[in-house]
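# Coordinate inspection notes
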Amino acid sequence: MNAIGMIETRGLTAAIEALDAMAKAANIKMTGFKKVGSGLVTVIIEGDVAAVSSAIEVGRQAHTQTGGEMISSNVIPRPHPELSKIL
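Note that the structure is predicted; figures quoted are calculated from it, not measured.

Position of Thr42 among the secondary structure elements: in strand β3 (residues 40–47). Using a relative accessible area of 13% as the deciding quantity, one classes Thr42 as buried. Polar contacts involving the side chain of Thr42 include one to the side chain of Glu8, which spans 3.3 Å. Each residue touching Thr42, except ones within four places of it in the same chain, is listed here: Met6, Ile7, Glu8, Gly32, Phe33, Lys34 and Val36.

Attention shifts here to the pattern of salt bridges. All chains considered together, the criterion is met by two salt bridges. Note that Arg10 is salt-bridged to Glu69, the shortest N-O span being 3.2 Å. Linking Arg10 in strand β1 (residues 3–10) with Glu69 in strand β4 (residues 69–77), this pair joins segments that are 59 residues apart in sequence. Using a relative accessible area of 40% as the deciding quantity, one classes Glu69 as partly exposed. Residue Lys24 pairs with Asp20 through a salt bridge whose shortest N-O separation is 3.0 Å. Pair noted here: Lys24 and Asp20 are both in helix α1 (residues 12–25), with a separation of four residues, about one helical turn. Classification of Lys24 by relative accessible area gives exposed; the value is 66%. What makes Asp20 partly exposed here is its relative accessible area of 34%.

Conventions adopted
- Think of each chain on its own: its residues are numbered from 1, step by step along the sequence as written.
- With pLDDT at 70 or above as the cut-off, local features in this predicted model cover only qualifying residues; side-chain atom pairs require 80 or more to be listed or tallied, and sums for whole chains, interfaces and linings still use all residues.
- The side-chain quantities take in all heavy atoms of the structure and omit both hydrogens and water.
- Note on conventions: DSSP H or I runs of at least 4 residues are helices, E runs of at least 2 residues are strands, and numbering of each starts at the N terminus.
- A 1.4 Å probe rolled over the protein chains alone gives each residue an accessible area, and that area as a share of the maximum for its type sets the label: buried under 20%, exposed over 50%, partly exposed in between.
- N or O atoms within 3.5 Å of each other form a polar contact, as long as, within protein, one can give a hydrogen and the other can take it, and as long as residues adjacent in sequence are counted only when both atoms are side-chain atoms.
- Any two residues having at least one pair of non-hydrogen atoms within 4.5 Å are treated as being in contact.
- Here, a salt bridge means any side-chain nitrogen of Lys or Arg that lies within 4 Å of a carboxyl oxygen of Asp or Glu.

Okay, structure coming up:
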């Protein structure tokens, strides 16, 4: 794992649309899908730093097709090995 990327949206449909666009745009792997509550959904991906960064940028734009709301996104390059235990 070279990088971890996360996108949080309000609404499941927006999260699925973002994940679909990210998977089509770059060689990434989904490692988690968290439903927090109040409609917040976080999609977690991993891959090399360039792929994750470009996938997150694509995913940030994809939610607009569904009318969902982008809450936040983040890329963590070279995460600490202990972080994978949490995710």
